[in-house]
Amino acid sequence: MTTTLTSPTSAPSFVDAPVERISVSMSARHTVTMAYRGLLKLKHNPEQLFDVVFVPVVFTLMFTYIFGGAISGDIASYLPVIIPGILVQTVITTSIVTGTQLREDMDKGVFDRFKALPIARISPLAGALLADVVRYVIATVITFSTGFAMGYRPEGGAVGVALAGGLVIVCAWSISWIFALMGVLMSKASAVQGVSMLILFPLTFLSNAFVPVDTMPGWLQAFVNVNPVSQVVTAVRELAGTGHAGIHVVWSLLGAAVIVLVVAPLTVRTYMRKA
């Protein structure tokens, strides 16, 4: 008997397939898809919109009728002061929800799955923040509508009001990156909300949003004048009151751009490291 020897079959070699580079246009499409996911969450959980629907109305009525006579002499004179202040406070405070919801999704493991998908790294974060723009728009419309119903008649007209609303939305979206970073860094959604409120409420109340700066002590005026919230509030009053952009509008947009350029990459890197 003869035995036929066959040459052993060589083991197949596996070569890692090259990773396709994600272009800017693909990143934009991925971000829009993630934003659509965020809108679906709002559709199936409309109670998430209660704060942006009711808070502007309650705060506007409460602040106007309580402080209007004491600060400006009458309600009509106080409305040009308080409406921009309430608008900035409401929309910026609404951006805190971005960080808390992001932390909740990460706790559920949703972002672990996103990290494993062949999508742009920034798209899960940017998509969530983009979906929250809807919340900012709703809060802006309701705040101005409440003011109009109470007799607020800005001299800037429809164009000035639209520009003022757009400025607040842009600034709130940029600030939401800070709360997104806090959502990635902190371990609980309740901690994100608590720390965010602890930071944001002093900034909004220690500003020119509700009272004239010249009624404050000198040392406090120095802080209020450099407070970023005061810059945005003054910019809104300029746009809504005159329809023209002043230096405060420039500072507000410049500050928003700096926040996005610095905090957005830091948030993405932290998310990829911890997700």
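Residues numbered from 1 in each chain as written. Predicted model: local features only at pLDDT ≥ 70, side-chain atom pairs only at ≥ 80, totals over all residues. Heavy atoms only, no water.

Draft legend 1. Layout of the overall build of the protein chain. Assigned secondary structure in the protein chain consists of 12 helices and zero strands. For a compact globule of 275 residues, the expected C-alpha radius of gyration is about 19 Å, and the protein chain comes in at 24 Å, more than 25% above that figure. Burial status across the protein chain gives 43% buried among its 275 residues. Looking at the protein chain as shown, the accessible area adds up to about 14600 Å², and 69% of this sits on carbon and sulfur atoms. Averaging the positions of the 17 positive and the 13 negative side-chain charges in the protein chain gives two centres separated by 10 Å. (Helix = DSSP H or I, 4+ residues; strand = E, 2+ residues; numbered from the N terminus. Rg over C-alpha atoms; globule rule 2.2 N^0.38 Å. Buried < 20%, exposed > 50% of the residue type's maximum accessible area, 1.4 Å probe, protein only. Areas by Shrake-Rupley, 256 points an atom, 1.4 Å probe, with all protein chains shown as cover. Lys, Arg positive; Asp, Glu negative; His and termini not counted. Charge placed at Lys NZ, Arg CZ, Asp CG, Glu CD.)

Draft legend 2. Representation of the confidence of the model for the protein chain. Across the protein chain, the average pLDDT comes to 84, with 92% of residues at or above 70. Mean pLDDT values over the elements of the protein chain span from 74, in helix α5 (residues 110–116), up to 92, in helix α7 (residues 133–149). pLDDT under 50 marks residues 1–19. Its contacts with residues more than four places away, or in other chains, come to zero contacts. (pLDDT = per-residue confidence, 0-100. Contact = heavy atoms within 4.5 Å.)

Draft legend 3. Fine view of helix α1 (residues 24–44). The end-to-end C-alpha distance of α1 is 31 Å, a good match for the 30 Å that 21 residues give at a rise of 1.5 Å each. Against the buried residues of α1 lie α5 and α6 (123–131). (Expected span 1.5 Å × (residues − 1).)

Draft legend 4. Summary view of the packing of helix α3 (residues 75–94) against helix α9 (residues 189–205). Between α3 and α9, the least distance of the axes is 11 Å, while the angle of their chain directions is 170°. In terms of orientation, α3 and α9 fall into the roughly antiparallel class. In this structure, α3 meets α9 at a crossing whose hand is right-handed. Counting all contacts with α3, which are made through Gln 89, Ile 92 and Thr 93, the residues of α9 involved are Met 197, Leu 200, Phe 201, Thr 204 and Phe 205. Taken together, the residues of the contact of α3 with α9 sort by class into five nonpolar, three polar and no charged. (Axes fitted to C-alpha atoms, helices over the stretch in contact; angles between N-to-C directions. Parallel < 35°, antiparallel > 145°, perpendicular 65-115°, else oblique. Left-handed = near helix turned anticlockwise from the far one by under 90°. Nonpolar A, V, L, I, M, F, W, Y, C, P; charged D, E, K, R; others polar.)

Draft legend 5. Representation of the nonpolar core. Grouped together as the largest cluster of nonpolar side chains are 41 residues, with contacts concentrated most on Ile 82, Val 88, Val 91, Phe 144, Phe 210 and Val 236. Every element with two or more residues in this core is listed here: α2 (50–72), α3, α7, α8 (157–185), α9 and α11 (228–242). At 10 residues, α8 tops the list of elements feeding residues into this core. Discounting chain neighbours no more than four positions away, the residues touching Phe 210 are Phe 63, Ile 71, Tyr 78, Val 81, Ile 82, Gly 85, Ile 86, Gln 89, Thr 204, Phe 205 and Arg 237. (Core = buried A, V, L, I, M, F, W, Y, C linked by side-chain atoms within 4.5 Å.)

Draft legend 6. Fine view of the side chain of Thr 94. In this fold, Thr 94 is placed in helix α3. Judged by its relative accessible area of 5%, Thr 94 falls in the buried class. Looking at Thr 94, its side chain comes within polar contact range of the main-chain oxygen of Thr 90, at 2.6 Å. With residues near it in sequence (within four places) discarded, Thr 94 still touches Val 52, Arg 135 and Tyr 136. (Polar contact = N/O pair within 3.5 Å; in protein donor to acceptor, adjacent residues only side chain to side chain.)

Draft legend 7. View of a nonpolar patch on the surface. Nonpolar side chains collect at one region of the surface, where Ile 247, Val 250, Trp 251, Leu 254, Val 258, Leu 261 and Val 262 lie side by side and expose about 710 Å² of accessible area between them. By secondary structure assignment, the location of Val 250 is in helix α12 (residues 247–274). Take Val 250: its relative accessible area is 48%, and that puts it in the partly exposed class. (Patch = residues over 30% accessible without salt bridge, like charges linked within 9 Å, V, L, I, M, F, W, Y side chains within 5 Å. Salt bridge = Lys/Arg side-chain N within 4 Å of Asp/Glu carboxyl O.)

Draft legend 8. How the structure looks around α2. With 23 residues, α2 extends 31 Å from end C-alpha to end C-alpha; this agrees with the ideal 33 Å at 1.5 Å per step. Of all bends in α2, the biggest is about 35°, found at Ile 66. Where α2 is buried, its residues touch α3, α7 and α9. After α2 finishes, the residue Gly 73 shows a positive phi value of roughly 95°. (Bend = angle between axes of the 7 residues up to and from the residue.)

Draft legend 9. Broad picture of the environment of Ile 119. Mapped onto the fold, Ile 119 is located in the loop between α5 and α6. Taking the C-alpha atoms as reference points, Ile 119 and Ser 27, 92 residues apart in sequence, are found 7.3 Å from one another. Excluding its chain neighbours within four sequence positions, the residues that come into contact with Ile 119 are Ile 22, His 30, Met 34, Phe 114 and Pro 124.

Draft legend 10. Up close: the packing of aromatic side chains. Following the criterion strictly, the structure yields 11 aromatic pairs and no others. Ring geometry for Phe 63 versus Phe 205: centroids 6.5 Å apart, planes at 35°, classification tilted. Separated by 142 residues along the polypeptide, Phe 63 in helix α2 and Phe 205 in helix α9 bring together distant segments of the chain. Given the relative accessible area of 7%, Phe 63 is considered buried. Judged by its relative accessible area of 36%, Phe 205 falls in the partly exposed class. (Phe/Tyr/Trp six-rings, centres within 6.5 Å; stacked < 30°, edge-to-face > 60°.)

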